[in-house]
Amino acid sequence: MNKILKIFLMCCLCLIASVSFGAKKNLKLGFIYVSPIGDAGWSYAHEQARRKLEQMPGVSTSYVEAVPEGSDAERVILNMARKGYDIIFGTSFGYMDSMYKIASKYPHIVFMHCSGFKTRPNMGTYFGRMYQARFLTGMVAGAMTKTNILGYVAAFPIPEVIRGINAFTLGARYVNPKVQVRVVWVKSWYDPATEKEAAKSLLSVGADVLTQHQDSPATQEAAQEAGVYSIGYNSDMTKFAPKSHLTAAVWNWFPIYKEVVDEVKAGKFKGKEIWYGLEKGVVGLAPFGPMVSKKIIKDVEKVKKQIIAGKFKIFKGPIADQTGKIRIPAGQVASDKELLGMDWFVQGVVGSTK
């Protein structure tokens, strides 16, 4: 009898799941942004994808911007769930635990968390292999520097940011082995004033190309004011520093968002981890500034094609850390698990991972 009861209950659960994620003609999507949308940066890039989704038949969307991580995020996510959104996208790492908690209480709603690692049957994660684009921008910076000192205004010391710094450094040293990358942490995703001060501190130690891992163009503005070069992040930041902006590592979230929407519409969604790169157009480069030579562009485009074809692996050994210890042996390629948990700097980075 117990065996029959178990089979019956399993069938019921399967039926509930199929009903919960059955095909839908119309979808209501909610987006939560950690910073103001503005006209550049992380949230701006997500917003451009949201606007494209609005043009799809049977899709309506809304968003809440400048939502701090923590209790505020949990309140906003819960409010969307209670209002019956079909899919809720949380676009900041610090939203993960709140989404994971709420997803367990609303199994009929799809939750998608950006850059995290926790999943449920109704909750997936998504991100892009931005380290690929970071490597390419590092090549540009390494070729353009005169002092061989590059400055990196960084947000938080988490694997996502550390991985980007490492890729940028490897790219710079790929074309210029003498380069060093100096890192300053600001412990914020969006704080223009603090970002600008950090940028100035890097200028004071001789950095003549600056880059960043924040939402605002403050680092770009500081570079132009000092007459040095800069490389943007998230979106094309040329208009903020046209005399300095070499290029930017940029996001295109639409391919991922469309894939999720299509799966939910078709009743085929399953909680999964998405990590796409240059091959899907999720990450890429902004247009090059006029100061970047044709040779540099040609070299970068060549490596870009090799990455897309799978012939060029950025984190392929031998790769040593700051102390000279080999972290990735010769001939080996770092696994996704190793990349997602990266907590050490490669040789050439000056700064702490704390």
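Every chain begins its residue count from 1, and numbering advances along the sequence as written. Predicted model: local features are reported for residues with pLDDT of at least 70 only, side-chain atom pairs are reported and counted for 80 or more only, and whole-chain, interface and lining totals are derived from all residues. Only hydrogens and water are removed before side-chain values are computed, so all heavy atoms of the structure are retained for them.

## Concerning the sheet that holds strand β11 (residues 273–276)
- Whether two strands pair depends on DSSP finding at least two bridges between them. Per the convention used, a helix needs a DSSP run of H or I reaching at least four residues, while a strand needs a run of E reaching at least two, with both numbered from the N terminus. Pairing in this open sheet of six strands is parallel, and the strands run β2-β1-β3-β4-β5-β11 from one edge to the other. Edge positions in the sheet fall to β2 (59–64) and β11, since each has one partner strand and no second. Averaged over all adjacent pairs, the angle separating strand axes in this sheet is 20°, with direction ignored.
- Where strand β1 (residues 27–32) meets strand β3 (residues 87–90), four bridges bridge the pair, whose relative direction is parallel. By the bridge assignment for β3, Leu 29 is matched with Ile 87.
- Its contacts with the sheet place helix α4 (residues 96–103) against β3, β4 (110–114) and β5 (123–128), and it is angled at close to 165° to β4. Inter-axis angles, ranging from 0 to 180 degrees, are taken between N-to-C directions of lines fitted to C-alpha atoms, where helices are fitted over the stretch in contact. Every residue pair with non-hydrogen atoms within 4.5 Å of one another is taken to be in contact.

## Looking at the packing of helix α2 (residues 42–54) against helix α9 (residues 254–265)
- The interhelical angle for the contact between α2 and α9, taken along N-to-C directions, is 45°, at an axis separation of 9 Å. In this view, α2 runs oblique relative to α9, as classed from their interaxial angle. Between α2 and α9 lies a crossing of right-handed hand. Two secondary-structure elements touch here, α2 through His 46, Ala 49, Lys 52 and Leu 53 and α9 through Phe 254, Tyr 257, Lys 258 and Val 261.
- Of the residues contributing to the contact of α2 with α9, the split by class is five nonpolar, one polar and two charged. Roughly parallel refers to an angle under 35 degrees, roughly antiparallel to one over 145, roughly perpendicular to one between 65 and 115, and oblique to any angle outside these ranges. Here a crossing is taken to be left-handed if its near helix is turned anticlockwise relative to the far helix by less than a right angle, and right-handed if that turn runs clockwise. Each residue gets one of three labels, nonpolar for Ala, Val, Leu, Ile, Met, Phe, Trp, Tyr, Cys and Pro, charged for Asp, Glu, Lys and Arg, and polar for the others, Gly among them.

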